[in-house]
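# Residue-level structure breakdown
Letter by letter, the chains look like this.
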Amino acid sequence: MWITRPDATTSFLGDDDGGRLIKLGERALDDFRDTLGIGAALFGRKDWKFVAGDATPEMLWLLGPDGISSYDEIRSEPPRQLSRAFDVGGYYVLRDGWSKDSSYAVVDCGPHGALACGHAHSDALAFEYAALGKTWLVDPGTYTYTGDAESRDTFRGTGAHNTVIVDGQPQSIPAGSFSWGKIARASMSDFIAGDGFDYFEGSHNGYERLDDPVRHKRAIFFVKPGTRFSSPEHLSSYLTVRDNFTAREHHRYEIRYHISPGCSVMANGNRVIVSEPRGDRLNISVFGDVMPRARIERGWVSRAYGERVRSLVAVFEAEGEGPQQFTTFIIPSINGKPIHIEPTPLADTLARGFHIASEKSLDLVLLGDGSTMARCGPLATDGLMAWGRFINNEFEHACLVRGQNLETSDGIRFNSSSHLKQCVIQRFGNWIEVSSNSANRFSNVERESAARLAINGATFYLERGWQSARFANDGSGWKISNAS
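Residues numbered from 1 in each chain as written. Predicted model: local features only at pLDDT ≥ 70, side-chain atom pairs only at ≥ 80, totals over all residues. Heavy atoms only, no water.

Turning to unusual backbone geometry, a few remarks are in order. Phi at Leu-125 is positive, roughly 70°, even though this residue is not glycine. In this structure, Leu-125 sits in the loop between β5 (104-108) and β6 (127-131). In this structure, Asn-392 takes a positive phi of about 50° despite not being glycine. Its location among the elements puts Asn-392 in the loop between β27 (385-391) and β28 (394-408). (Helix = DSSP H or I, 4+ residues; strand = E, 2+ residues; numbered from the N terminus.)

As C-alpha coordinates, then:
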(Lines give C-alpha, C1' and ligand atoms only; values in the text may rest on other atoms or scores of the structure.)
Protein backbone atom coordinates (compact mmCIF):
# COMPACT_ATOMS: atom_id res chain seq x y z
CA MET A 1 0.00 0.00 0.00
CA TRP A 2 1.03 3.59 -0.38
CA ILE A 3 2.77 5.25 2.55
CA THR A 4 2.30 9.00 2.32
CA ARG A 5 5.12 11.43 2.84
CA PRO A 6 6.39 11.39 6.42
CA ASP A 7 5.12 14.09 8.74
CA ALA A 8 7.04 17.32 8.31
CA THR A 9 7.85 16.96 12.00
CA THR A 10 11.12 18.51 13.14
CA SER A 11 12.31 17.98 16.68
CA PHE A 12 15.14 19.67 18.53
CA LEU A 13 17.15 18.92 21.61
CA GLY A 14 16.38 21.28 24.48
CA ASP A 15 18.82 23.94 25.60
CA ASP A 16 19.82 21.80 28.56
CA ASP A 17 20.87 19.06 26.14
CA GLY A 18 23.40 21.17 24.31
CA GLY A 19 21.03 23.25 22.18
CA ARG A 20 20.96 23.66 18.42
CA LEU A 21 23.71 24.80 16.13
CA ILE A 22 23.37 28.41 15.03
CA LYS A 23 22.61 28.61 11.31
CA LEU A 24 24.46 31.53 9.69
CA GLY A 25 23.69 30.92 6.00
CA GLU A 26 20.80 30.12 3.68
CA ARG A 27 22.17 26.83 2.37
CA ALA A 28 20.95 23.44 3.50
CA LEU A 29 22.43 22.30 6.79
CA ASP A 30 24.32 19.45 5.09
CA ASP A 31 25.71 21.57 2.22
CA PHE A 32 29.46 21.81 2.77
CA ARG A 33 30.46 23.51 -0.46
CA ASP A 34 31.61 26.61 1.47
CA THR A 35 34.35 24.49 3.10
CA LEU A 36 35.36 23.06 -0.27
CA GLY A 37 35.47 26.57 -1.78
CA ILE A 38 37.73 27.83 1.01
CA GLY A 39 40.04 24.91 0.38
CA ALA A 40 40.07 25.71 -3.34
CA ALA A 41 41.05 29.33 -2.60
CA LEU A 42 43.84 28.27 -0.24
CA PHE A 43 45.34 25.58 -2.46
CA GLY A 44 44.40 26.80 -5.95
CA ARG A 45 42.37 23.67 -6.72
CA LYS A 46 40.47 23.98 -9.99
CA ASP A 47 38.50 20.77 -9.39
CA TRP A 48 37.38 21.83 -5.91
CA LYS A 49 36.11 25.13 -7.30
CA PHE A 50 34.17 23.27 -9.99
CA VAL A 51 32.18 21.50 -7.29
CA ALA A 52 32.03 24.40 -4.81
CA GLY A 53 30.62 26.98 -7.24
CA ASP A 54 30.49 30.69 -6.41
CA ALA A 55 32.34 32.26 -3.49
CA THR A 56 30.41 32.29 -0.21
CA PRO A 57 30.22 34.83 2.65
CA GLU A 58 32.29 32.45 4.81
CA MET A 59 35.18 32.86 2.38
CA LEU A 60 35.11 36.63 2.87
CA TRP A 61 34.97 36.28 6.67
CA LEU A 62 37.90 33.85 6.81
CA LEU A 63 40.14 34.93 3.91
CA GLY A 64 39.18 38.54 3.32
CA PRO A 65 38.97 40.39 -0.03
CA ASP A 66 42.30 38.93 -1.18
CA GLY A 67 40.95 35.42 -0.70
CA ILE A 68 37.90 36.25 -2.81
CA SER A 69 40.13 37.69 -5.55
CA SER A 70 42.32 34.59 -5.54
CA TYR A 71 39.27 32.38 -5.79
CA ASP A 72 37.79 34.36 -8.68
CA GLU A 73 41.04 33.97 -10.63
CA ILE A 74 40.93 30.16 -10.45
CA ARG A 75 39.57 28.58 -13.62
CA SER A 76 37.29 25.76 -12.54
CA GLU A 77 37.71 22.33 -14.15
CA PRO A 78 35.83 19.09 -13.45
CA PRO A 79 37.80 16.49 -11.46
CA ARG A 80 39.75 14.08 -13.62
CA GLN A 81 38.65 11.04 -11.65
CA LEU A 82 35.14 9.74 -11.29
CA SER A 83 35.42 6.71 -9.00
CA ARG A 84 38.04 6.31 -6.33
CA ALA A 85 39.10 4.18 -3.38
CA PHE A 86 40.09 5.95 -0.17
CA ASP A 87 41.66 2.88 1.41
CA VAL A 88 42.98 4.44 4.61
CA GLY A 89 39.62 5.87 5.63
CA GLY A 90 37.73 2.96 4.12
CA TYR A 91 35.43 4.91 1.81
CA TYR A 92 34.80 3.89 -1.80
CA VAL A 93 33.19 6.22 -4.33
CA LEU A 94 31.39 4.91 -7.42
CA ARG A 95 30.44 7.76 -9.79
CA ASP A 96 29.35 8.27 -13.41
CA GLY A 97 29.92 12.02 -13.89
CA TRP A 98 30.18 15.50 -12.37
CA SER A 99 26.94 17.13 -13.51
CA LYS A 100 24.18 18.01 -11.06
CA ASP A 101 22.21 14.96 -12.28
CA SER A 102 25.10 12.49 -12.08
CA SER A 103 24.78 9.28 -10.08
CA TYR A 104 27.08 8.13 -7.34
CA ALA A 105 27.33 5.78 -4.36
CA VAL A 106 29.63 6.14 -1.34
CA VAL A 107 30.39 2.86 0.47
CA ASP A 108 31.71 2.54 4.04
CA CYS A 109 34.12 -0.37 4.52
CA GLY A 110 36.79 1.03 6.81
CA PRO A 111 38.01 0.96 10.39
CA HIS A 112 35.41 1.30 13.14
CA GLY A 113 36.35 4.90 13.91
CA ALA A 114 39.72 6.17 15.12
CA LEU A 115 41.59 5.94 18.43
CA ALA A 116 38.97 4.91 21.03
CA CYS A 117 36.24 4.87 18.32
CA GLY A 118 34.11 7.35 20.30
CA HIS A 119 32.53 8.86 17.19
CA ALA A 120 32.10 5.58 15.29
CA HIS A 121 28.81 4.18 14.02
CA SER A 122 27.83 0.53 13.56
CA ASP A 123 27.63 0.91 9.78
CA ALA A 124 29.94 -1.57 8.05
CA LEU A 125 29.10 -1.98 4.32
CA ALA A 126 26.50 0.81 4.43
CA PHE A 127 26.26 3.24 1.52
CA GLU A 128 24.54 6.39 0.30
CA TYR A 129 23.13 6.72 -3.21
CA ALA A 130 22.26 9.71 -5.41
CA ALA A 131 20.81 9.96 -8.93
CA LEU A 132 18.79 12.39 -11.06
CA GLY A 133 19.95 15.33 -8.95
CA LYS A 134 18.72 13.85 -5.65
CA THR A 135 20.22 11.84 -2.82
CA TRP A 136 17.71 9.00 -2.44
CA LEU A 137 19.35 6.73 0.15
CA VAL A 138 20.85 8.66 3.05
CA ASP A 139 22.86 8.25 6.22
CA PRO A 140 20.56 9.52 9.00
CA GLY A 141 23.40 11.32 10.79
CA THR A 142 24.22 11.72 14.51
CA TYR A 143 21.60 13.99 16.15
CA THR A 144 23.06 13.92 19.67
CA TYR A 145 26.00 12.76 21.78
CA THR A 146 24.91 13.09 25.41
CA GLY A 147 21.50 14.78 25.32
CA ASP A 148 19.46 11.57 24.91
CA ALA A 149 21.11 8.18 25.51
CA GLU A 150 18.42 6.23 23.64
CA SER A 151 18.60 8.50 20.58
CA ARG A 152 22.38 8.36 20.72
CA ASP A 153 22.38 4.56 20.38
CA THR A 154 19.59 4.60 17.79
CA PHE A 155 21.37 6.97 15.42
CA ARG A 156 24.72 5.16 15.65
CA GLY A 157 23.18 1.68 15.54
CA THR A 158 23.15 -0.70 12.57
CA GLY A 159 19.42 -0.16 12.05
CA ALA A 160 20.05 3.50 11.24
CA HIS A 161 22.22 2.70 8.23
CA ASN A 162 21.81 1.23 4.74
CA THR A 163 23.13 -2.21 5.57
CA VAL A 164 21.83 -5.54 6.98
CA ILE A 165 20.76 -6.56 10.49
CA VAL A 166 21.03 -10.24 11.45
CA ASP A 167 18.76 -11.68 14.16
CA GLY A 168 17.85 -8.19 15.34
CA GLN A 169 21.42 -7.59 16.54
CA PRO A 170 23.75 -4.66 15.77
CA GLN A 171 27.09 -5.30 14.08
CA SER A 172 28.92 -3.55 16.93
CA ILE A 173 27.71 -3.19 20.53
CA PRO A 174 28.00 0.18 22.35
CA ALA A 175 29.26 0.36 25.92
CA GLY A 176 28.65 4.06 26.56
CA SER A 177 28.11 7.36 24.74
CA PHE A 178 31.69 7.32 23.39
CA SER A 179 32.75 3.69 23.80
CA TRP A 180 32.06 0.22 22.38
CA GLY A 181 31.99 -3.26 23.88
CA LYS A 182 32.14 -5.28 20.64
CA ILE A 183 33.48 -3.95 17.34
CA ALA A 184 32.86 -5.25 13.81
CA ARG A 185 35.91 -5.26 11.59
CA ALA A 186 35.36 -4.61 7.89
CA SER A 187 37.70 -5.35 4.99
CA MET A 188 37.61 -4.52 1.29
CA SER A 189 38.44 -7.40 -1.03
CA ASP A 190 37.93 -5.82 -4.46
CA PHE A 191 37.46 -2.41 -6.05
CA ILE A 192 37.30 -1.82 -9.80
CA ALA A 193 36.87 1.58 -11.42
CA GLY A 194 36.04 0.25 -14.86
CA ASP A 195 35.15 1.62 -18.27
CA GLY A 196 31.37 1.55 -18.10
CA PHE A 197 31.03 0.10 -14.61
CA ASP A 198 32.42 0.18 -11.08
CA TYR A 199 32.60 -2.75 -8.69
CA PHE A 200 33.10 -2.95 -4.93
CA GLU A 201 33.30 -6.00 -2.68
CA GLY A 202 33.85 -6.16 1.06
CA SER A 203 32.87 -8.04 4.22
CA HIS A 204 32.71 -7.70 8.00
CA ASN A 205 32.84 -10.06 11.00
CA GLY A 206 30.32 -8.32 13.26
CA TYR A 207 27.97 -11.32 13.34
CA GLU A 208 30.63 -13.97 13.82
CA ARG A 209 30.08 -13.46 17.56
CA LEU A 210 26.66 -15.18 17.27
CA ASP A 211 26.27 -18.77 18.54
CA ASP A 212 26.08 -19.77 14.88
CA PRO A 213 28.62 -17.39 13.29
CA VAL A 214 27.45 -15.41 10.26
CA ARG A 215 29.78 -13.70 7.80
CA HIS A 216 28.33 -10.86 5.71
CA LYS A 217 29.88 -10.15 2.29
CA ARG A 218 28.48 -7.36 0.10
CA ALA A 219 29.26 -6.65 -3.56
CA ILE A 220 28.01 -3.52 -5.35
CA PHE A 221 28.00 -3.38 -9.15
CA PHE A 222 27.44 0.14 -10.50
CA VAL A 223 26.61 0.04 -14.19
CA LYS A 224 27.18 3.39 -15.91
CA PRO A 225 26.51 2.99 -19.64
CA GLY A 226 27.64 6.52 -20.55
CA THR A 227 26.14 9.14 -22.83
CA ARG A 228 26.31 6.91 -25.92
CA PHE A 229 23.86 4.52 -24.24
CA SER A 230 21.67 6.95 -22.28
CA SER A 231 18.92 8.02 -24.64
CA PRO A 232 15.59 8.69 -22.86
CA GLU A 233 14.14 5.25 -23.61
CA HIS A 234 17.14 3.47 -22.05
CA LEU A 235 18.03 2.97 -18.40
CA SER A 236 20.77 5.20 -17.01
CA SER A 237 23.22 4.23 -14.25
CA TYR A 238 21.97 1.97 -11.46
CA LEU A 239 23.13 -0.37 -8.69
CA THR A 240 23.07 -4.12 -8.23
CA VAL A 241 23.81 -5.11 -4.61
CA ARG A 242 24.69 -8.73 -3.81
CA ASP A 243 24.58 -9.71 -0.11
CA ASN A 244 25.98 -13.14 0.83
CA PHE A 245 25.70 -14.67 4.30
CA THR A 246 27.62 -17.77 5.35
CA ALA A 247 25.74 -19.63 8.10
CA ARG A 248 24.66 -23.13 9.12
CA GLU A 249 21.53 -22.55 11.18
CA HIS A 250 18.33 -20.46 10.94
CA HIS A 251 18.67 -16.64 10.95
CA ARG A 252 16.56 -13.54 10.35
CA TYR A 253 17.77 -10.83 7.97
CA GLU A 254 16.69 -7.19 7.58
CA ILE A 255 18.02 -5.26 4.59
CA ARG A 256 17.42 -1.59 5.39
CA TYR A 257 17.36 1.49 3.13
CA HIS A 258 16.81 4.95 4.63
CA ILE A 259 14.89 7.23 2.29
CA SER A 260 15.54 10.95 1.96
CA PRO A 261 12.92 13.06 3.79
CA GLY A 262 10.10 14.41 1.63
CA CYS A 263 9.62 11.25 -0.45
CA SER A 264 6.60 8.94 -0.48
CA VAL A 265 7.06 5.18 -0.56
CA MET A 266 5.02 2.19 -1.74
CA ALA A 267 5.82 -1.38 -0.68
CA ASN A 268 4.45 -4.40 -2.53
CA GLY A 269 5.84 -7.91 -2.05
CA ASN A 270 9.59 -7.76 -2.56
CA ARG A 271 9.54 -4.31 -4.19
CA VAL A 272 9.52 -0.69 -3.08
CA ILE A 273 8.91 2.40 -5.19
CA VAL A 274 10.16 5.73 -3.85
CA SER A 275 8.60 8.85 -5.39
CA GLU A 276 9.65 12.46 -5.05
CA PRO A 277 7.55 15.56 -5.82
CA ARG A 278 9.00 16.16 -9.32
CA GLY A 279 7.74 12.75 -10.46
CA ASP A 280 11.04 10.85 -10.58
CA ARG A 281 11.17 7.47 -8.88
CA LEU A 282 13.60 5.04 -7.35
CA ASN A 283 12.79 1.35 -7.84
CA ILE A 284 14.16 -1.05 -5.20
CA SER A 285 13.62 -4.79 -5.72
CA VAL A 286 15.16 -7.57 -3.61
CA PHE A 287 15.40 -11.24 -4.62
CA GLY A 288 16.76 -14.11 -2.56
CA ASP A 289 16.99 -17.83 -1.98
CA VAL A 290 14.16 -17.06 0.44
CA MET A 291 12.06 -14.29 -1.11
CA PRO A 292 12.09 -11.18 1.13
CA ARG A 293 9.00 -9.14 1.92
CA ALA A 294 9.12 -5.36 2.05
CA ARG A 295 7.59 -3.12 4.68
CA ILE A 296 7.88 0.58 5.50
CA GLU A 297 8.64 2.03 8.91
CA ARG A 298 9.08 5.58 10.14
CA GLY A 299 12.52 6.90 10.98
CA TRP A 300 14.51 10.05 11.50
CA VAL A 301 17.21 11.94 9.59
CA SER A 302 19.48 14.46 11.32
CA ARG A 303 21.20 16.94 9.01
CA ALA A 304 22.66 18.97 11.86
CA TYR A 305 23.46 18.40 15.51
CA GLY A 306 20.41 18.65 17.74
CA GLU A 307 17.90 18.60 14.87
CA ARG A 308 16.03 15.72 13.25
CA VAL A 309 13.20 15.37 10.72
CA ARG A 310 10.85 12.51 9.97
CA SER A 311 11.68 10.11 7.15
CA LEU A 312 10.78 6.61 5.94
CA VAL A 313 12.78 3.39 5.94
CA ALA A 314 12.33 0.55 3.42
CA VAL A 315 12.92 -2.77 5.21
CA PHE A 316 13.21 -6.10 3.37
CA GLU A 317 12.80 -9.06 5.73
CA ALA A 318 13.62 -12.73 5.19
CA GLU A 319 14.66 -15.72 7.24
CA GLY A 320 16.14 -19.05 6.36
CA GLU A 321 18.54 -21.82 7.27
CA GLY A 322 22.09 -22.14 6.01
CA PRO A 323 23.87 -19.85 3.51
CA GLN A 324 21.73 -17.10 2.02
CA GLN A 325 22.11 -14.70 -0.90
CA PHE A 326 20.05 -11.59 -1.63
CA THR A 327 20.25 -9.44 -4.76
CA THR A 328 18.97 -5.86 -4.66
CA PHE A 329 18.37 -3.73 -7.76
CA ILE A 330 18.30 0.03 -7.11
CA ILE A 331 17.18 1.73 -10.33
CA PRO A 332 16.16 5.38 -10.82
CA SER A 333 13.50 6.24 -13.41
CA ILE A 334 12.79 9.66 -14.88
CA ASN A 335 9.15 10.74 -14.58
CA GLY A 336 8.18 7.36 -13.17
CA LYS A 337 9.10 5.40 -16.32
CA PRO A 338 8.04 1.76 -15.68
CA ILE A 339 10.78 -0.80 -15.05
CA HIS A 340 10.25 -4.55 -14.96
CA ILE A 341 12.69 -6.84 -13.13
CA GLU A 342 12.31 -10.59 -13.26
CA PRO A 343 14.56 -13.42 -12.07
CA THR A 344 15.40 -16.01 -14.74
CA PRO A 345 15.81 -19.70 -13.85
CA LEU A 346 19.15 -21.06 -15.03
CA ALA A 347 19.50 -24.78 -15.67
CA ASP A 348 22.25 -26.91 -14.09
CA THR A 349 24.04 -24.03 -12.35
CA LEU A 350 24.09 -22.13 -9.08
CA ALA A 351 24.29 -18.81 -10.96
CA ARG A 352 21.43 -16.30 -10.83
CA GLY A 353 20.07 -14.44 -13.83
CA PHE A 354 17.81 -11.39 -14.09
CA HIS A 355 15.99 -9.56 -16.89
CA ILE A 356 15.53 -5.79 -16.51
CA ALA A 357 13.24 -4.30 -19.16
CA SER A 358 12.36 -0.67 -19.84
CA GLU A 359 10.77 0.41 -23.14
CA LYS A 360 13.25 -0.49 -25.91
CA SER A 361 16.11 -1.71 -23.72
CA LEU A 362 16.72 -5.07 -22.10
CA ASP A 363 19.47 -5.47 -19.50
CA LEU A 364 20.67 -8.89 -18.38
CA VAL A 365 22.52 -9.48 -15.10
CA LEU A 366 24.33 -12.76 -14.40
CA LEU A 367 25.67 -13.54 -10.93
CA GLY A 368 27.99 -16.53 -11.06
CA ASP A 369 30.74 -18.22 -9.09
CA GLY A 370 33.66 -17.00 -11.19
CA SER A 371 34.38 -20.38 -12.77
CA THR A 372 31.28 -22.14 -14.21
CA MET A 373 29.78 -21.08 -17.53
CA ALA A 374 26.14 -19.92 -17.27
CA ARG A 375 23.70 -18.41 -19.77
CA CYS A 376 20.88 -15.91 -19.25
CA GLY A 377 19.04 -15.32 -22.53
CA PRO A 378 21.54 -14.04 -25.14
CA LEU A 379 24.33 -13.46 -22.54
CA ALA A 380 26.72 -16.12 -21.21
CA THR A 381 29.70 -15.91 -18.86
CA ASP A 382 31.80 -17.79 -16.33
CA GLY A 383 32.45 -14.60 -14.37
CA LEU A 384 31.56 -13.58 -10.85
CA MET A 385 29.24 -10.97 -12.34
CA ALA A 386 28.28 -9.91 -15.85
CA TRP A 387 25.93 -7.34 -17.34
CA GLY A 388 24.69 -6.89 -20.89
CA ARG A 389 22.43 -4.41 -22.67
CA PHE A 390 20.37 -5.22 -25.76
CA ILE A 391 18.45 -2.56 -27.72
CA ASN A 392 15.64 -3.86 -29.93
CA ASN A 393 17.14 -7.33 -29.38
CA GLU A 394 20.59 -6.28 -30.66
CA PHE A 395 23.69 -6.32 -28.48
CA GLU A 396 25.08 -2.91 -27.45
CA HIS A 397 27.23 -3.17 -24.32
CA ALA A 398 28.52 -5.77 -21.82
CA CYS A 399 30.76 -5.93 -18.74
CA LEU A 400 32.52 -8.85 -17.05
CA VAL A 401 33.90 -9.03 -13.49
CA ARG A 402 36.36 -11.75 -12.46
CA GLY A 403 36.09 -14.32 -15.23
CA GLN A 404 37.55 -15.59 -18.50
CA ASN A 405 34.64 -15.76 -20.94
CA LEU A 406 31.88 -13.41 -22.08
CA GLU A 407 29.65 -14.35 -25.02
CA THR A 408 26.54 -13.04 -26.76
CA SER A 409 24.17 -14.99 -28.99
CA ASP A 410 24.85 -12.73 -31.98
CA GLY A 411 28.42 -13.87 -32.48
CA ILE A 412 30.66 -11.95 -30.08
CA ARG A 413 32.95 -14.04 -27.91
CA PHE A 414 35.68 -12.92 -25.57
CA ASN A 415 37.90 -15.45 -23.87
CA SER A 416 41.23 -15.43 -22.09
CA SER A 417 43.54 -18.19 -20.91
CA SER A 418 43.97 -16.30 -17.63
CA HIS A 419 41.43 -15.12 -15.07
CA LEU A 420 40.62 -11.44 -15.69
CA LYS A 421 39.68 -8.73 -13.27
CA GLN A 422 37.40 -6.98 -15.74
CA CYS A 423 36.42 -6.69 -19.38
CA VAL A 424 34.09 -4.33 -21.29
CA ILE A 425 32.72 -4.89 -24.82
CA GLN A 426 30.76 -2.22 -26.71
CA ARG A 427 29.28 -2.17 -30.19
CA PHE A 428 28.67 0.90 -32.34
CA GLY A 429 27.05 -0.31 -35.57
CA ASN A 430 29.64 -2.62 -37.16
CA TRP A 431 32.44 -1.48 -34.86
CA ILE A 432 33.35 -3.53 -31.76
CA GLU A 433 35.43 -1.97 -28.98
CA VAL A 434 37.02 -4.12 -26.27
CA SER A 435 38.87 -2.99 -23.15
CA SER A 436 40.35 -5.31 -20.55
CA ASN A 437 43.20 -5.66 -18.12
CA SER A 438 45.75 -8.42 -18.77
CA ALA A 439 43.67 -10.13 -21.47
CA ASN A 440 45.64 -12.15 -23.99
CA ARG A 441 43.08 -13.60 -26.38
CA PHE A 442 39.86 -12.46 -28.04
CA SER A 443 37.66 -14.37 -30.49
CA ASN A 444 35.27 -12.73 -32.92
CA VAL A 445 33.56 -15.83 -34.24
CA GLU A 446 31.03 -14.46 -36.72
CA ARG A 447 31.96 -12.05 -39.49
CA GLU A 448 28.50 -10.39 -39.40
CA SER A 449 29.07 -9.13 -35.87
CA ALA A 450 31.72 -6.55 -36.81
CA ALA A 451 33.73 -5.03 -39.65
CA ARG A 452 36.15 -3.17 -37.37
CA LEU A 453 37.51 -4.19 -33.98
CA ALA A 454 39.46 -2.20 -31.38
CA ILE A 455 41.15 -4.00 -28.47
CA ASN A 456 42.67 -1.73 -25.81
CA GLY A 457 43.22 0.90 -28.51
CA ALA A 458 44.65 -1.40 -31.22
CA THR A 459 42.35 -1.23 -34.30
CA PHE A 460 41.78 -4.01 -36.85
CA TYR A 461 39.71 -3.99 -40.07
CA LEU A 462 38.13 -7.36 -40.82
CA GLU A 463 38.15 -8.50 -44.44
CA ARG A 464 34.92 -9.44 -46.17
CA GLY A 465 35.94 -13.02 -46.88
CA TRP A 466 36.51 -13.86 -43.23
CA GLN A 467 33.90 -15.86 -41.37
CA SER A 468 35.76 -15.62 -38.07
CA ALA A 469 38.86 -14.03 -36.59
CA ARG A 470 40.94 -14.47 -33.47
CA PHE A 471 43.33 -12.05 -31.82
CA ALA A 472 46.22 -12.53 -29.40
CA ASN A 473 48.59 -10.38 -27.40
CA ASP A 474 52.15 -11.75 -27.34
CA GLY A 475 53.45 -9.02 -25.04
CA SER A 476 54.36 -6.59 -27.80
CA GLY A 477 50.77 -5.74 -28.70
CA TRP A 478 47.59 -7.18 -30.17
CA LYS A 479 47.78 -9.07 -33.49
CA ILE A 480 45.47 -11.21 -35.61
CA SER A 481 46.50 -14.78 -34.79
CA ASN A 482 44.00 -16.67 -36.93
CA ALA A 483 41.40 -15.70 -39.51
CA SER A 484 39.27 -17.79 -41.83
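This part covers the sheet that holds β5. In space, the five strands of this open sheet follow the order β3-β4-β5-β6-β7, with antiparallel pairing throughout. Two strands bound the open sheet, and with one partner strand each, they are β3 (84-86) and β7 (134-137). Each strand axis lies, on average, 15° off the axis of its neighbour in the sheet, ignoring direction. Bridge analysis of β3 against strand β4 (residues 91-95) gives three bridges, and the strand direction is antiparallel. Across the sheet, the residue bridging to Ala-85 is Tyr-92, located in β4. (Pairing = 2+ DSSP bridges. Axes fitted to C-alpha atoms, helices over the stretch in contact; angles between N-to-C directions.)

Here we take up the packing of helix α1 (residues 33-43) against helix α3 (residues 57-73). Each pair of packed helices can be described by the angle between their axes along with the distance between the axes. Direction vectors running N to C along α1 and α3 enclose 45°, while the axes themselves pass 10 Å from each other. Classed by the angle they form, the pair α1 and α3 counts as oblique. Of the two possible hands of crossing, α1 and α3 adopt the one that is left-handed. Residues Asp-34, Gly-37, Ile-38, Ala-40, Ala-41 and Leu-42 of α1 form the contact with α3, whose own contacting residues are Glu-58, Met-59, Leu-62, Leu-63, Gly-67 and Tyr-71. Residue composition of the contact of α1 with α3, grouped by class: eight nonpolar, two polar and two charged. (Parallel < 35°, antiparallel > 145°, perpendicular 65-115°, else oblique. Left-handed = near helix turned anticlockwise from the far one by under 90°. Contact = heavy atoms within 4.5 Å. Nonpolar A, V, L, I, M, F, W, Y, C, P; charged D, E, K, R; others polar.)

The next subject is empty space enclosed by the protein. One pass over the full model with this rule turns up one cavity of 30 Å³ or more. Within this model, the largest cavity holds a volume of roughly 40 Å³. Of the residues belonging to the lining of the largest cavity, the class tally is four nonpolar, five polar and one charged. (1 Å grid on protein atoms, 1.4 Å probe; cavity = no way out; pocket = protein on both sides within 12 Å on 5 of 7 lines; lining within 4 Å. Points joined across faces, edges and corners; volume = space filled by probe spheres on them.)

If you look at the biggest cluster of nonpolar residues, it comprises 46 residues, and the most contacted ones within it are Phe-127, Leu-137, Tyr-257, Val-272 and Ile-330. In contact with Ile-330, not counting residues within four places along its chain, are Phe-127, Tyr-129, Leu-137, Tyr-238, Leu-239, Val-241, Tyr-257, Leu-282, Asn-283 and Ile-284. Ranked by size, the runner-up nonpolar core spans 29 residues in total, among them Leu-379, Leu-406, Ile-412 and Ile-455. (Core = buried A, V, L, I, M, F, W, Y, C linked by side-chain atoms within 4.5 Å. Buried < 20%, exposed > 50% of the residue type's maximum accessible area, 1.4 Å probe, protein only.)

Turning to α1, a few remarks are in order. Those residues of α1 that fall on the buried side of the exposure criterion are Asp-34, Gly-37, Ile-38, Gly-39, Ala-40 and Ala-41. Here the buried face of α1 lies against α2 (46-52) and α3. The first or second residue beyond α1 is Gly-44, which carries a positive phi of 65°.

Taken together, Leu-60, Trp-61 and Leu-62 make up a surface patch of nonpolar side chains, about 370 Å² in accessible area. By the secondary structure assignment, Trp-61 is in helix α3. The class of Trp-61 is exposed, set by a relative accessible area of 54%. (Patch = residues over 30% accessible without salt bridge, like charges linked within 9 Å, V, L, I, M, F, W, Y side chains within 5 Å. Areas by Shrake-Rupley, 256 points an atom, 1.4 Å probe, with all protein chains shown as cover. Salt bridge = Lys/Arg side-chain N within 4 Å of Asp/Glu carboxyl O.)

Once that is clear, we can look at the pairing of β4. Along a regular strand, successive side chains alternate from one face of the sheet to the other. For β4, a buried count of four out of five residues is recorded, marking the element as mostly surrounded by other parts of the structure. Here β3 hands over to β4 after four residues, with Gly-90 in that stretch at a positive phi of 85°. Here five bridges tie β4 to β5, and the two strands are oriented antiparallel to one another. By the bridge assignment, Arg-95 is partnered in β5 with Tyr-104.

Attention now moves to the packing of aromatic side chains. Geometry of an aromatic ring pair is reported as the spacing of the ring centres plus the angle between the planes. As enumerated under the stated definition, the model contains 17 aromatic pairs in all. Summarising the aromatic geometry, the rings of Phe-245 and Tyr-253 are spaced 4.6 Å apart at their centres and angled 40° between planes, so their arrangement reads as tilted. In this pair, the class of Phe-245 matches that of Tyr-253, namely buried. Taking the centre distance of 5.3 Å and the plane angle of 45° together, the rings of Phe-428 and Trp-431 count as tilted. Among the residues examined, Phe-428 registers a relative accessible area of 21% and is labelled partly exposed. By way of ring pairs, the aromatic residues Tyr-92, Phe-191 and Phe-200 are connected into one cluster. In this structure, Arg-156 packs its charged tip against the face of Trp-180, placed 4.7 Å from the ring centre. One residue, Arg-308, lies across the ring of Trp-300, its end atom 4.0 Å from the ring centre. (Phe/Tyr/Trp six-rings, centres within 6.5 Å; stacked < 30°, edge-to-face > 60°. Lys NZ or Arg CZ within 6 Å of the ring centre and 35° of its normal.)

Right, let's get into the pairing of strand β17 (residues 271-275). Among the five residues of β17, four are classified as buried, and the element is accordingly described as predominantly covered. Sheet topology places strand β16 (residues 264-268) next to β17; five bridges connect them, and they run antiparallel. Across the sheet, Met-266 pairs through a bridge with Ile-273, a residue of β17. The antiparallel hairpin formed by β16 and β17 contains two residues in its connecting segment, where Gly-269 sits at a positive phi of about 65°. Here five bridges tie β17 to strand β18 (residues 281-288), and the two strands are oriented antiparallel to one another. Within β18, the residue paired with Ser-275 across the bridge is Arg-281. Counted between consecutive antiparallel strands, the loop separating β17 from β18 contains five residues, among which Gly-279 sits at a positive phi close to 110°.

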